[in-house]
Amino acid sequence: MSSDKLSKTVILLRTHYFDDAVEALADRYQRESGLALVVVVDDSAGVVAVPERFRKIGINRAMLVAAGLVNLDRWGWQCGDYFLILAQQILTEHEYFWMVEPDVLINYSDLSAFFGLFEGDDSDLWVATLGHYGDDWFWYGAMRRFYQGAIGGCFYPVLRISARLIRVIGSVRQAMTELMGLVGDDRVVRIDPTQYPNDEGVTATIGLMAPFVARDFSARGVAYGPESYHLGEPFSATALAQLPADGRLYHPVLSGERLAARFLNLTRDT
């Protein structure tokens, strides 16, 4: 990847916690990707400590309100685009942003091979399961409340997005805040999910509109599917590490206490 393109691209590691597993992942991104790394943290429940060798952007609720975003109670889970909006306003020197959640495994033996697939590409959005979705999608109704055209959807654990698309998404979120009469409201707002769109709906719907160019990871030969890249039952990071790298995306991938807690929650839900 050219030095010019490298300087324009940054990886955002999006998280609300920082443990040994996240630290190892951050180290790997810095070591193998060839890109700048910034840890973008949901600090709304308290400041999350991050080692000084990593650049950190902490996001709290006052920052959401100042940016004209709805101060949603569970924004860190439902509105991953908020991380992008706030980070882009700070990292103005970058034109492209990767954002990856801490429970994603990009299962390449060297991450430079994955990120190199997108070298020189100027598309505004790369993401999985991209397309126009129907009214059977959970988030369809929430998007329809604000937009009457074709509704887009995708799967958000890892994506690459342009700064110009992020800026438009930010403007759309601000317009939603105005329509809901919540401008400057610093209360924590609890909204039925069917009434306020998630990150996937907003990002894909706008990204699929002209003049933006949005593409599915499969167009670059990135392997993923419901057997490896899904919501629900987690993968063991330890078990995957013992297998050959297969060039697939995996989610959710957990270890230790977080893996045990996820399995316990799934058992309770059944």
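Look a little higher up for the structure.
Residues numbered from 1 in each chain as written. Predicted model: local features only at pLDDT ≥ 70, side-chain atom pairs only at ≥ 80, totals over all residues. Heavy atoms only, no water.

It is not clear to me how the overall build of the protein chain should be interpreted in this structure. Could you clarify?
Across its full length, the protein chain holds 11 helices and 11 strands. What you see for the protein chain is a C-alpha radius of gyration of 18 Å, in line with the 18 Å of a compact globule of 270 residues. For the protein chain, the C-alpha atoms occupy an extent of roughly 50 × 50 × 40 Å along the three principal directions. A burial count over the protein chain gives 53% of its 270 residues as buried. Computed over 24 positive and 34 negative side-chain charges, the inter-centroid distance for the protein chain is 3 Å. (Helix = DSSP H or I, 4+ residues; strand = E, 2+ residues; numbered from the N terminus. Rg over C-alpha atoms; globule rule 2.2 N^0.38 Å. Buried < 20%, exposed > 50% of the residue type's maximum accessible area, 1.4 Å probe, protein only. Lys, Arg positive; Asp, Glu negative; His and termini not counted. Charge placed at Lys NZ, Arg CZ, Asp CG, Glu CD.)

Please explain the packing of aromatic side chains as it appears in this structure.
By convention here, two paired aromatic rings are described through the distance between centres and the angle between planes. As enumerated under the stated definition, the model contains 20 aromatic pairs in all. Between phenylalanine 138 and tryptophan 139 the ring centres are 5.0 Å apart and the planes differ by 85°, which places this aromatic pair in the edge-to-face class. Assessed through its relative accessible area of 8%, tryptophan 139 is described here as buried. For the ring pair phenylalanine 155 and tyrosine 229, a centre distance of 4.9 Å and an interplane angle of 75° mean the geometry is edge-to-face. One end of the pair, phenylalanine 155, is in strand 7 (residues 152-162); the other, tyrosine 229, is in the loop between strand 8 (214-216) and strand 9 (235-236), and 74 residues separate them in sequence. Of the residues examined, phenylalanine 155 reaches a relative accessible area of 11% and is grouped as buried. Judged by relative accessible area, tyrosine 229 falls into the buried class, the value being 4%. Among the aromatic residues, those joined into a cluster by ring pairs are Tyr29, Trp98, Tyr108, Phe114, Phe115, Phe118, Trp126 and Phe217. The aromatic ring of tyrosine 17 is capped on one face by arginine 258, whose charged end is 3.3 Å from the ring centroid. (Phe/Tyr/Trp six-rings, centres within 6.5 Å; stacked < 30°, edge-to-face > 60°. Lys NZ or Arg CZ within 6 Å of the ring centre and 35° of its normal.)

Just to check I follow, could you spell out helix 9 (residues 199-207) for this structure?
Each full turn of the α-helix corresponds to 3.6 residues, which orients residues three or four apart in the same direction. The buried fraction of helix 9 amounts to 9 of the 9 residues, a majority that puts the element mostly inside the structure. Those residues of helix 9 not exposed but buried are Asp199, Glu200, Gly201, Val202, Thr203, Ala204, Thr205, Ile206 and Gly207.

I would appreciate a short explanation of the nonpolar core in the present structure.
In globular proteins that are soluble, nonpolar side chains generally tend to be buried together. In terms of nonpolar packing, the biggest core is built from 48 residues, with Leu12, Val70, Leu84, Phe97, Ile161 and Tyr196 touching the most fellow members. Per-element accounting of this core gives the leading share, 6 residues, to helix 5 (residues 80-90). Setting aside its immediate chain neighbours within four residues, phenylalanine 97 contacts Val10, Leu12, Leu84, Gln88, Leu91, Leu159, Arg160, Ile161, Ala163 and Ile166. Among the nonpolar cores identified, the runner-up in size contains 33 residues, and Val50, Val104, Phe217 and Tyr229 belong to it. (Core = buried A, V, L, I, M, F, W, Y, C linked by side-chain atoms within 4.5 Å. Contact = heavy atoms within 4.5 Å.)

How do you make sense of the layout of surface pockets when you look at a structure like this?
Sizing a probe to match a water molecule and rolling it over the atoms shows the empty space that remains. Of the pockets and cavities examined, the second largest pocket occupies roughly 450 Å³. Around the second largest pocket, the lining is made up of 24 residues, and of these Ala21, Leu25, Leu105, Ala237 and Val253 lie nearest the centre. Broken down by element, the lining of the second largest pocket gets its largest block of residues, 6 residues, from helix 2 (residues 20-32). Its residues placed into classes, the lining of the second largest pocket shows 17 nonpolar, 3 polar and 4 charged. (1 Å grid on protein atoms, 1.4 Å probe; cavity = no way out; pocket = protein on both sides within 12 Å on 5 of 7 lines; lining within 4 Å. Points joined across faces, edges and corners; volume = space filled by probe spheres on them. Nonpolar A, V, L, I, M, F, W, Y, C, P; charged D, E, K, R; others polar.)

Explain the pairing of strand 1 (residues 9-15) to me, please; I cannot follow it from the model alone.
Strand residues, when the strand is regular, have side chains that alternate between the two faces of the sheet. Burial runs high along strand 1: 7 of the 7 residues are buried. Residues Thr9, Ile11, Leu13 and Thr15 line one face of strand 1 and the alternating positions Val10, Leu12 and Arg14 line the opposite face, and both faces are buried. Pairing between strand 1 and strand 4 (residues 96-100): 5 bridges, direction parallel. Along strand 4, the bridge assignment pairs leucine 13 with valine 100. In terms of strand pairing, strand 1 meets strand 2 (residues 36-42) through 6 bridges, oriented parallel. Pairing of leucine 12 across the sheet is with valine 38, part of strand 2. Taken together, strand 1, helix 2 and strand 2 constitute a β-α-β crossover, and its handedness is right-handed. (Pairing = 2+ DSSP bridges. Right-handed = clockwise from strand over helix to strand, strands pointing away.)

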